[in-house]
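Residue strings, one per chain:
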Amino acid sequence: ARAFRTEAMFISLQEPSLYTVKAILILDNDGDRLFAKYYDDTYPSVKEQKAFEKNIFNKTHRTDSEIALLEGLTVVYKSSIDLYFYVIGSSYENELMLMTVLNCLFDSLSQMLRKNVEKRALLENMEGLFLAVDEIVDGGVILESDPQQVVHRVALRGEDVPLTEQTVSQVLQSAKEQIKWSLLR
């Protein structure tokens, strides 16, 4: 009976789940956080999250591989110029699913930033990053894996910004366009 119960517990731990992504991270080349979204309470405090991020960066920033097992988690990652992208799942998660999320995020950002995926460009377009991540993963559930669809949806959501939430530069640009078209008539 005991062997059966242990086997049943092991099988129940391996049941498929839609909640595949535990976290998405983007770190700079010093290992400092630029973006982090945790979808469960594996690391409940900011202090624990930052310690995990330092650990993950120290283990991965000098290697050419794309996957690591760290602290009981599966980590897939990619670097670009001065950025490190990470998608984290549980130890029994399908690496290909996590890699699909990583590639979708990277390719979406690459299109949105016109192939200039580096720290300065990313910091100037954080709103687009937040929207893209929200389109790809929601609450740890993968929603989209096609970068074209993500970029399209981010563009649609960006157009629906009310006047009160637009930046000053967006308002000035809109005013310039309206003046230009009124003068050309």
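Residues numbered from 1 in each chain as written. Predicted model: local features only at pLDDT ≥ 70, side-chain atom pairs only at ≥ 80, totals over all residues. Heavy atoms only, no water.

## Some remarks on the side chain of T60
(1) Moving on: Its location among the elements puts T60 in helix 2 (residues 46–60).
(2) Moving on: For T60, the side chain forms a polar contact with the main-chain oxygen of I56, separated by 2.7 Å.
(3) Moving on: Those residues in contact with T60, other than ones at most four positions away along the chain, are A68, Y77 and Y86. (Helix = DSSP H or I, 4+ residues; strand = E, 2+ residues; numbered from the N terminus. Polar contact = N/O pair within 3.5 Å; in protein donor to acceptor, adjacent residues only side chain to side chain. Contact = heavy atoms within 4.5 Å.)

## Side note on empty space enclosed by the protein
(1) Moving on: Tallied over the entire structure, the rule returns 1 cavity of 30 Å³ or more.
(2) Moving on: Taken as a whole, the largest cavity encloses approximately 30 Å³ of empty space.
(3) Moving on: Every residue lining the largest cavity is listed: K22, A23, Y38, D40, T42, Y43, F52, L73 and I88.
(4) Moving on: Of the residues belonging to the lining of the largest cavity, the class tally is 6 nonpolar, 1 polar and 2 charged. (1 Å grid on protein atoms, 1.4 Å probe; cavity = no way out; pocket = protein on both sides within 12 Å on 5 of 7 lines; lining within 4 Å. Points joined across faces, edges and corners; volume = space filled by probe spheres on them. Nonpolar A, V, L, I, M, F, W, Y, C, P; charged D, E, K, R; others polar.)

## Some remarks on the sheet that holds strand 5 (residues 83–90)
(1) Moving on: One open sheet holds the 5 strands; their spatial order is 2-1-5-4-3, and the pairing between them is antiparallel. The two strands at the open ends of the sheet, each matched to only one other strand, are strand 2 (33–38) and strand 3 (67–70). Adjacent strand axes in the sheet meet at a mean angle of 20°, parallel and antiparallel pairs treated alike.
(2) Moving on: In terms of strand pairing, strand 3 meets strand 4 (residues 73–80) through 4 bridges, oriented antiparallel. (Pairing = 2+ DSSP bridges. Axes fitted to C-alpha atoms, helices over the stretch in contact; angles between N-to-C directions.)

## Structural notes on the nonpolar core
(1) Moving on: Formed by 33 residues in total, the largest nonpolar core has its most connected members in I24, I26, F85, L122 and L129.
(2) Moving on: Of all the elements in the fold, those that place two or more residues in this core are strand 1 (23–28), strand 2, strand 5, helix 3 (95–112), helix 4 (119–124), helix 5 (126–136) and helix 6 (147–159).
(3) Moving on: By residue number, the principal contributor to this core is helix 3, which donates 9 residues.
(4) Moving on: Those residues in contact with L129 that lie beyond four places of it in its chain are I26, F35, L105, L109, M112 and L122.
(5) Moving on: Membership of the second largest hydrophobic core comes to 15 residues, among which are A23, Y43, F57 and Y84. (Core = buried A, V, L, I, M, F, W, Y, C linked by side-chain atoms within 4.5 Å. Buried < 20%, exposed > 50% of the residue type's maximum accessible area, 1.4 Å probe, protein only.)

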